[in-house]
Amino acid sequence: MHLIAIKPDGVQHSLVGKIKCFEQKGFCLIAMKLIQASEDLLKEHYIDLRDHTFSASLVKYMQSGPVVAMKHHSNKKHKNSCSPLKGHL
């Protein structure tokens, strides 16, 4: 399973429709939900980054608007699931 998220700026710039590129790369969309992530959820999700100087600004940015959270399944090994939209998300 892979978690792929379209971040607030991607939602704002109407990139949600670009998810078909993940399917073209072999991912199968299982679930998708538009959420407004809470501070607690984001801190838990980014727990590995909590000691970095950018951690607080990352959480603030991710709370700045809605996020499209998607669960994908793939039988393939993917080094970088974001590569189809690299530079856009």
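Note that the coordinates shown come from a computational prediction; the quantities given were computed from them, not determined experimentally.

Parameters at a glance
Residues numbered from 1 in each chain as written. Predicted model: local features only at pLDDT ≥ 70, side-chain atom pairs only at ≥ 80, totals over all residues. Heavy atoms only, no water. Core = buried A, V, L, I, M, F, W, Y, C linked by side-chain atoms within 4.5 Å. Buried < 20%, exposed > 50% of the residue type's maximum accessible area, 1.4 Å probe, protein only. Helix = DSSP H or I, 4+ residues; strand = E, 2+ residues; numbered from the N terminus. Pairing = 2+ DSSP bridges. Axes fitted to C-alpha atoms, helices over the stretch in contact; angles between N-to-C directions. pLDDT = per-residue confidence, 0-100. Contact = heavy atoms within 4.5 Å. Phe/Tyr/Trp six-rings, centres within 6.5 Å; stacked < 30°, edge-to-face > 60°.

Visitor: Please set out the nonpolar core residue by residue, giving values where relevant.
Guide: Counting eight residues, the largest nonpolar core consists of Ile4, Ile6, Ile19, Cys21, Phe22, Phe27, Val68 and Met70. If you list the elements that add at least two residues to this core, you get β1 (2-6), α2 (20-24) and β3 (67-73). If you look at the next biggest cluster of nonpolar residues, it comprises seven residues, including Ala37, Leu42, Leu58 and Met62.

Visitor: Let's hear about the sheet that holds β1: which residues, and what values?
Guide: Ordered by their spatial adjacency, three strands build an open sheet running β1-β3-β2, and the pairing between neighbours is antiparallel. Edge strands, defined here as strands with exactly one partner in the open sheet, are β1 and β2 (28-35). Taken over all neighbouring pairs, the strand axes of this sheet differ in orientation by 20° on average, direction set aside. The sheet contact formed by β1 and β3 spans five bridges and is antiparallel. Note on β3: the bridge partner recorded for isoleucine 6 is valine 68.

Visitor: An account of unusual backbone geometry is requested, with residue identities and associated values reported.
Guide: Its identity as a non-glycine residue notwithstanding, serine 14 has a phi of 60°, on the positive side. Secondary-structure assignment places serine 14 in the loop between α1 (8-12) and α2.

Visitor: Describe the confidence of the model for the protein, listing the residues and the values that go with them.
Guide: On average, residues of the protein score 85 in pLDDT, and 83% of them are at 70 or above. Taking the mean pLDDT of every element in the protein, the minimum, 82, falls on α2 and the maximum, 96, on helix α4 (residues 55-62). Counting interchain partners and residues more than four positions distant, the pLDDT-below-50 stretch residues 81-89 has 15 contacts.

Visitor: So what's going on with the packing of aromatic side chains? Residues and values would help.
Guide: All told, the structure shown has one aromatic pair when counted by the stated rule. An angle of 80° between the planes, with centres 6.1 Å apart, marks the rings of phenylalanine 22 and phenylalanine 27 as edge-to-face. When sorted by exposure, phenylalanine 22 lands in the same class as phenylalanine 27, which is buried.

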